[in-house]
Amino acid sequence: EADIYQTPRYLVIGTGKKITLECSQTMGHDKMYWYQQDPGMELHLIHYSYGVNSTEKGDLSSESTVSRIRTEHFPLTLESARPSHTSQYLCASFGPTNTGELFFGEGSRLTVL
Amino acid sequence: SQKIEQNSEALNIQEGKTATLTCNYTNYSPAYLQWYRQDPGRGPVFLLLIRENEKEKRKERLKVTFDTTLKQSLFHITASQPADSATYLCALDPSGSARQLTFGSGTQLTVLP
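Residues numbered from 1 in each chain as written. Chains lettered and ligands numbered in written order. Predicted model: local features only at pLDDT ≥ 70, side-chain atom pairs only at ≥ 80, totals over all residues. Heavy atoms only, no water.

Visitor: I'm lost on the overall build of chain B in this one. Help?
Guide: What chain B contains, in helices and strands, is zero helices and eleven strands. Its helices and strands taken in sequence order, chain B reads β-β-β-β-β-β-β-β-β-β-β from the N to the C terminus. Taken over the C-alpha trace, chain B has a radius of gyration of 13 Å; the compact-globule value for 113 residues is 13 Å, and the two agree within 12%. Oriented by its inertia axes, the alpha-carbon framework of chain B measures out at about 40 × 30 × 20 Å. The burial tally for chain B puts 44% of its 113 residues in the buried class. Excluding contacts between residues fewer than 6 apart, the proportion of contacts in chain B whose partners are at least 24 apart in sequence is 54%. Surface accessibility of chain B: about 5500 Å² in total, with carbon and sulfur atoms responsible for 45%. Positive and negative side-chain charges of chain B, numbering 13 and 11 respectively, have mean locations separated by a distance of 2 Å. (Helix = DSSP H or I, 4+ residues; strand = E, 2+ residues; numbered from the N terminus. Rg over C-alpha atoms; globule rule 2.2 N^0.38 Å. Buried < 20%, exposed > 50% of the residue type's maximum accessible area, 1.4 Å probe, protein only. Contact = heavy atoms within 4.5 Å. Areas by Shrake-Rupley, 256 points an atom, 1.4 Å probe, with all protein chains shown as cover. Lys, Arg positive; Asp, Glu negative; His and termini not counted. Charge placed at Lys NZ, Arg CZ, Asp CG, Glu CD.)

As structure tokens, this is what we get:
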């Protein structure tokens, strides 16, 4: 079982609120990712981190921001949530394995009213 | 533009039969192709990776083929069980670094008892 954790699993908030989705991994992986997934749709990369103090925006434009102050922690923040931000947000990490696999968290399902 | 297509419709099969899922891609030269399983409301879980110079990979009841000429991967589950019911995602990686991992929208498989 993957050692990568996301909180909260579910969040319902009103428009205009600031939210932070937490993601932590205990595997010591340098590379971490945030994906956004709508029901029945593909995962889209919104943020990527090579390591501490290194972050990049992904292929899908997102109004969210991320930080990477510690290797194990990669939080995602929305300063002012809107209904269009309603989605499933998945955090993942990548480490030096032979399989090349991504380890995913269980996801945070965000609903903005 | 790069495109990944998986079985457009959900797949229903009888328990004990072999399920075959398709992943086609265009305008892409992947170094690796991966398959993930995703259960409702959960994060994807890695199943298998196949490299561009490999034709076939097996793991227990799973088999993946990779035809770079046809630009297609087939994912087989033999002796399927109701517990295999899930959405299966293929993902293409041009470099092996996971930075540019692109996911298909998945095929929903239901194994009927």
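Visitor: Please clarify how the pairing of strand S5 (residues 45-51) of chain B should be interpreted in this entry.
Guide: Looking along a regular strand, one sees the side chains alternate between the two faces of the sheet. Residues and elements named next belong to chain B. Along S5, five of the seven residues are buried, which leaves the element largely enclosed by surrounding structure. Inspection of the sheet shows strand S4 (residues 32-38) paired to S5 by six bridges, in the antiparallel sense. When the sheet's bridge partners are listed, Trp 35 is paired in S5 with Leu 48. (Pairing = 2+ DSSP bridges.)

Visitor: Looking at this structure, I do not really get the state of the cysteines. What am I missing?
Guide: Cysteine pairs can be linked by a disulfide, which is a covalent bond between their two sulfur atoms. Enumeration over the complete set of coordinates arrives at two disulfides over all chains. Note on cysteine connectivity: Cys23(A) is disulfide-linked to Cys91(A), with sulfurs 1.9 Å apart. Negative torsions about the S-S bond denote left-handed disulfides, and the value of about -75° found for Cys23(A) with Cys91(A) makes this one left-handed. In this pair, Cys23(A) is assigned in strand S3 (residues 19-25) and Cys91(A) in strand S9 (residues 87-94), connecting sequence segments 68 residues apart. Each member of the pair, Cys23(A) together with Cys91(A), is buried. Two residues, Cys23(B) and Cys90(B), share a disulfide whose sulfurs are 2.0 Å apart. Here Cys23(B) and Cys90(B) share a disulfide; its torsion about the S-S bond, 60°, makes the bridge right-handed. (Disulfide = S-S within 2.5 Å.)

By themselves, these figures tell us nothing about what the structure is for.
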